[in-house]
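Report on the structure
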Amino acid sequence: MQSGEETGKGKKVRYSVLVVSGGTKGTDRHFSTSLGVFVVFLAAAAILTIAALSYCFVLAGELSRANDQAALLETRVAELARQNEDLLAQKVEVAKENEELQEKVEIFSDTINGKVQQEKEREAMIAQAHLPTGFPLRGTASYKAEETELEGNPIAVFHASQGTSVVATADGTVSSIAGDAGAGYIVMIDHGNGYYSVYRNGAVPKVKEGDSVTNATELFSIETGKEDLGYQIIENERYIDPLSFMETYG
């Protein structure tokens, strides 16, 4: 509803607002305001509406970004979960490989230890084979107890029958052969460990210098008139009692 009053310059416009209730009795209310106030009211309402819409728009944008970030985090969590599963699988595989490797190491270690033990046993056998602890005759012989020294050095003299073989008492190499048929021959064997064995007999030696011998190698064959065998052992350039050495080590 509009009403107005004329002035000298024009009309003054006023607006009236009629509020009608929904009741049966007449409770109508009538308000009037100026155009300026009404315009201000409308402007304020528009500003509030725009502000509210802007806030809703900003809030919607923030919510959208939050949803995007949540989706990104979910994707990242899923990726991390997959990576964790892969790492666990790799850990299990590595543990299995380590277990297999440990088994191989144990087998290899046992093999090495076995080889080392075998090598020690072999070396011990070789060392034993190079110790002149054997008997220098293949067969029976008598011992001359009255002849125990030669030129101040210990010696064992054995008497054997014709055809008895004189053999090396351990593995080694013939280092020298001296003497002749008249004075008798001397065969010296180097056993390579500081030990030498010396064999004295009148028969011609069946070996020569540089020959490798074992405890089965025949050095002489006892002949008639040359039945005595003189046997000596040198340990680190010192003569020792051959009988004591055989009794101790043989």
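Remember, predicted model here, so these are calculated numbers, not experimental data. (Residues numbered from 1 in each chain as written. Predicted model: local features only at pLDDT ≥ 70, side-chain atom pairs only at ≥ 80, totals over all residues. Heavy atoms only, no water.)

1. Here we look at the pairing of strand β12 (residues 195-201)
Counting buried residues along β12, 5 of its 7 residues qualify, which places the element largely inside the surrounding structure. Of the strand pairs in this sheet, strand β11 (residues 184-190) and β12 are connected by 6 bridges, and their pairing is antiparallel. Bridge pairing in β12 places Ile 189 opposite Ser 197. Two successive antiparallel strands, β11 and β12, enclose a turn made up of 4 residues, where Gly 192 displays a positive phi of approximately 75°. In the sheet, β12 pairs with strand β15 (residues 228-235) via 6 bridges, with the strands oriented antiparallel. By the bridge assignment, Tyr 199 is partnered in β15 with Tyr 231. (Buried < 20%, exposed > 50% of the residue type's maximum accessible area, 1.4 Å probe, protein only. Helix = DSSP H or I, 4+ residues; strand = E, 2+ residues; numbered from the N terminus. Pairing = 2+ DSSP bridges.)

2. Section: the nonpolar core
Of all hydrophobic cores here, the largest spans 25 residues; its most connected members are Val 166, Ile 189, Tyr 199, Val 213, Leu 219 and Phe 220. Mapped onto this core, the elements with two or more residues apiece are β8 (156-159), β11, β12, β14 (218-221), β15 and α2 (242-249). (Core = buried A, V, L, I, M, F, W, Y, C linked by side-chain atoms within 4.5 Å.)

3. Points about unusual backbone geometry
Trans peptide bonds make up the majority, and among non-glycine residues the majority have a negative phi. Despite not being glycine, Asn 236 has its phi angle at roughly 50°, a positive value. Examined against the element boundaries, Asn 236 turns out to sit in the loop between β15 and β16 (238-240). Positioned with a positive phi, Glu 237 is a non-glycine residue whose angle comes to about 70°.

4. Some words on the pattern of salt bridges
Inspection of the entire model under this criterion finds 10 salt bridges. The salt bridge involving Lys 144 is made with Asp 228; its shortest N-O contact spans 2.6 Å. Remark: Asp 228 occurs in strand β15 and Lys 144 occurs in the loop between β5 (142-143) and β6 (149-150); sequence separation between them is 84 residues. With a relative accessible area of 31%, Asp 228 lands in the partly exposed category. (Salt bridge = Lys/Arg side-chain N within 4 Å of Asp/Glu carboxyl O.)

5. Overview of the sheet that holds strand β9 (residues 165-167)
The 3 strands lie next to each other as β4-β9-β14, forming an open sheet whose pairing is antiparallel. Here the strands that pair on one side only, and so sit at the sheet edges, are β4 (137-138) and β14. The pairing of β9 with β14 spans 3 bridges and is classified as antiparallel. Residue pairing for β14: Val 166 is matched across the bridge by Phe 220.

6. Regarding a nonpolar patch on the surface
Together, Leu 35, Phe 38, Val 39, Phe 41 and Leu 42 give the surface a local cluster of nonpolar side chains, amounting to about 460 Å² of exposed area. A relative accessible area of 44% means that Leu 42 is categorised as partly exposed. (Patch = residues over 30% accessible without salt bridge, like charges linked within 9 Å, V, L, I, M, F, W, Y side chains within 5 Å. Areas by Shrake-Rupley, 256 points an atom, 1.4 Å probe, with all protein chains shown as cover.)

Function cannot be inferred from these measures alone, as they are strictly geometric.
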